[in-house]
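Analysis of the macromolecular model
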Amino acid sequence: MRQSQNTAGLRFIRMALEKNAHESVRTALAEAYPRLWRFCLTTTGRRDRADDLAQMASLRALEKAHLFEPGTALDRWVFRIAQRIWLNELRAETVRQGGGVSQVDDIDLPDERASTETNVFARQVFATVMALPEAQRTAVVLVYVEGYSYKEAAAILEIPIGTVMSRLAAARARLSSPSSEAKGARA
Amino acid sequence: MTTKSPYSDEELTAFLDGELDDAASAAIESRLSSDPGLQARLDLLAAPTQQIREAFDAVLPLSPAPPPHIAAAQPTKDVARTTPWKLTAVACLVAAIAAPVGWIVSGAFDQRTKLDDWRDYAAAYHALYVPETLSSSDHDAAQRQAQVDRAGQMLRAELSPYVEPFDTVVFRRAQVLGFDGEPLIQLAFQSASGLPIALCIVRSDGAPDVDLSFEDFDQLRTASWTREGLSFMLISGDAELTEAFAKSIVDRS
């Protein structure tokens, strides 16, 4: 009797933890969703594909909520899920459908600050980063926009830290002042 | 100084990003004063990271609202753009076409699984009870009646008929618990031998009446029924007592 009570008690704790995991993952996903979508936009280079990938990644994360370790960063976990789905399931199909992987022309930055020079510059910066090769722009966004360390970015992309460094170095060389456009013209 | 820099672009990038350790960073900084070529190379790697961050932050408002499977139970201001019925409909559609996702879906699926869920939780909670759990509960009759009244208010039901003694079983206390935001009332009893018995009740408005049925939860015996918008589960470690007590309660209501 006492043994069975203990078993039942453990079952209770497990059920509570599983339910709690689902709820906390769902809540955190809702909060992180715009950033997940932005990461997907960076990765896919296309707004329609970003919509699809962010939805797929968040659904996959919920299915795997029991695997999520509470106390670790959910955003990094779901970014990694998105990266895997992109590489394993969507990327080849997107390329096959033509038009290249990157199509950022349909992305308009919000025009909140009227048409200031700052805003124009922001558009240029955005377009320049999005014109980088996929591997470079993904590293740029993870480290310079999301603020991840090299180690964290490497874990999300599942590549060595040295590869993150070389991608960032290549990206910096293309993005550096005085004018990356001039450099692009020379290239 | 025209000696070739010993640093690769990768190392200089790590320096600019603050990813080098202190000693390596200090070495580069001290070399800068004597190596103008090194400063020039750093300049060539000087990306406008602040502006990049600002430009990409400006993209965030373009994100679509979180899809229903995330947002349905956790409304955010973004979700308010979608009407509730639409959310529920889409959530059900997602549930129907997606792989099984347990209790993450909302709407009709929750309604279906909720009854099973609360009984599992309540039964598992009761499994932790030992005789001492209730023996140490020494409320007087007036306090117990106040507990019953308060629990009844929470449940919007008259609970007094359910706390009448049965055989050697006496009522010990009423607790207001909760499940998925709804009150779950636990009326705890104890037999003369000290055995804990619990009658758990939730509202189930709109659900049809369900006749008394029995089920085992590990070595605990449960009796369940639904009547007039209330769902009941009686549970104890004595199967015979559970069944007899449950029948007497059903006859009272």
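What you see is a predicted model; the values in this text were computed from it and never measured. (Residues numbered from 1 in each chain as written. Chains lettered and ligands numbered in written order. Predicted model: local features only at pLDDT ≥ 70, side-chain atom pairs only at ≥ 80, totals over all residues. Heavy atoms only, no water.)

Quick notes on the overall build of chain B
In plain terms, the rule: In this text, helices come from DSSP runs of H or I with a minimum length of four residues, and strands from runs of E with a minimum of two, each type numbered from the N-terminal end. The protein chains shown are the only cover counted for residues, whose accessible areas, like all others here, come from Shrake-Rupley with a 1.4 Å probe.
For chain B, the helix and strand inventory stands at 10 helices and six strands. Per element, the accessible surface of chain B, about 12800 Å² overall, is 53% carbon and sulfur.

A closer look at the packing of aromatic side chains
Definition in use: Classification of ring pairs uses Phe, Tyr and Trp, with its six-membered ring standing for Trp, and accepts pairs whose centres are within 6.5 Å; under 30 degrees between planes counts as stacked, over 60 as edge-to-face, and the remaining range as tilted. Whether a residue is buried, partly exposed or exposed follows from its accessible area with a 1.4 Å probe, protein chains only, as a fraction of its type maximum: under 20%, in between, or over 50%, in that order.
Within this structure, the stated rule accounts for 10 aromatic pairs over all chains. Their ring planes at 5° and their centres at 4.7 Å tell us that Phe39 of chain A and Phe79 of chain A sit as a pair that is stacked. Remark: Phe79 of chain A occurs in helix 3 (residues 74-96) and Phe39 of chain A occurs in helix 1 (residues 2-44); sequence separation between them is 40 residues. Owing to a relative accessible area of 0%, Phe79 of chain A belongs among the buried residues under this scheme. Taking 5.6 Å as the distance between ring centres and 65° as the angle between the ring planes, the aromatic pair formed by Phe171 of chain B and Phe189 of chain B counts as edge-to-face. Pair noted here: Phe171 of chain B is in strand 1 (residues 170-179) and Phe189 of chain B is in strand 2 (residues 182-190), with a separation of 18 residues, a long-range link. As far as the burial class goes, Phe171 of chain B and Phe189 of chain B line up, both buried. A network of ring pairs unites the aromatic residues Phe166, Phe171, Phe189 and Phe245 of chain B as a single cluster.

Description of the sheet that holds strand 5 (residues 220-227) of chain B
Residue and element names in this part refer to chain B. Short version of the rule: Here, any two strands with at least 2 DSSP bridges between them count as paired. The angle between two axes is taken between their N-to-C directions and runs from 0 to 180 degrees, where each axis is a line fitted to C-alpha atoms and a helix contributes only its stretch in contact. Any two residues whose heavy atoms approach within 4.5 Å are treated as being in contact.
Reading across from one edge, 1-2-3-6-5-4 is the order of the six strands in this open sheet, with antiparallel pairing throughout. The open sheet has two free edges, formed respectively by strand 1 and strand 4 (210-217), since each of these has just one partner strand. Within the sheet, the average angular offset between the axes of one strand and its neighbour, ignoring direction, is 20°. Where strand 2 and strand 3 (residues 196-203) come together, seven bridges link them in antiparallel fashion. When the bridges of strand 3 are listed, Leu184 appears paired with Val202. The strands touched by helix 9 (residues 141-155) are strand 1, strand 2, strand 3 and strand 6 (230-236); relative to strand 1, the strand with the most contacts, the crossing angle is about 30°. Running over the sheet, helix 10 (residues 239-252) touches strand 2, strand 3, strand 4, strand 5 and strand 6 and is turned about 15° from strand 5.

Some words on the confidence of the model for chain A
Residue and element names in this part refer to chain A. Heads up, the rule is: Within a predicted model, pLDDT stands for the predictor's per-residue confidence, ranging from 0 to 100.
Summary statistics for chain A give a mean pLDDT of 80 and a share of 71% for residues scoring 70 or more. A low-confidence stretch, residues 1-5 stays under pLDDT 50, and its non-local contacts, those more than four residues away or across chains, total nine contacts. Note that pLDDT drops below 50 for residues 180-187; the model gives that stretch seven contacts with residues more than four away or on any other chain.

Re the pairing of strand 6 of chain B
Residue and element names in this part refer to chain B. When you tally the buried positions in strand 6, you get seven out of seven residues, the bulk of the element. Alternating residues of strand 6 divide into Leu230, Phe232, Leu234 and Ser236 and Ser231, Met233 and Ile235, and every residue in both groups is buried. Across seven bridges, strand 3 lies against strand 6 in antiparallel orientation. For Ile197, the partnering residue across the bridge sits in strand 6 and is Ser236. Pairing analysis gives seven bridges linking strand 5 to strand 6, with the strands arranged antiparallel. Across the sheet, residue Thr222 finds its bridge partner in strand 6, namely Ile235.

Some details on helix 7 (residues 161-175) of chain A
The line we're drawing: To estimate the expected span of a helix, subtract one from its residue number and multiply by 1.5 Å.
Between its terminal C-alpha atoms helix 7 of chain A stretches 21 Å, which fits the 21 Å expected from 15 residues at 1.5 Å a residue. Within helix 7 of chain A the residues assigned to the buried category are Val164, Met165, Leu168, Ala169, Ala171, Arg172 and Leu175 of chain A.

What about the side chain of Thr44 of chain A?
Residue and element names in this part refer to chain A. Definition in use: Counting of polar contacts relies on pairs of N or O atoms within 3.5 Å, with two restrictions inside protein: one atom must be capable of donating a hydrogen and the other of accepting it, and residues adjacent in sequence are counted only when both atoms are side-chain atoms.
Turning to its location among the elements, Thr44 is positioned in helix 1. You can call Thr44 buried: its relative accessible area is 0%. Polar contacts involving the side chain of Thr44 include one to the main-chain carbonyl oxygen of Arg46, which spans 3.0 Å.

With respect to helix 6 (residues 150-157) of chain A
As a reminder, the rule being used: The arc in question is the one traced by the directions running from the helix axis out to the C-beta atoms.
All of the buried residues in helix 6 of chain A are Tyr150, Ala153, Ala154, Ile156 and Leu157 of chain A. When helix 6 of chain A is viewed along its axis, its buried side chains cluster within an angular range of 160° and face the same direction.

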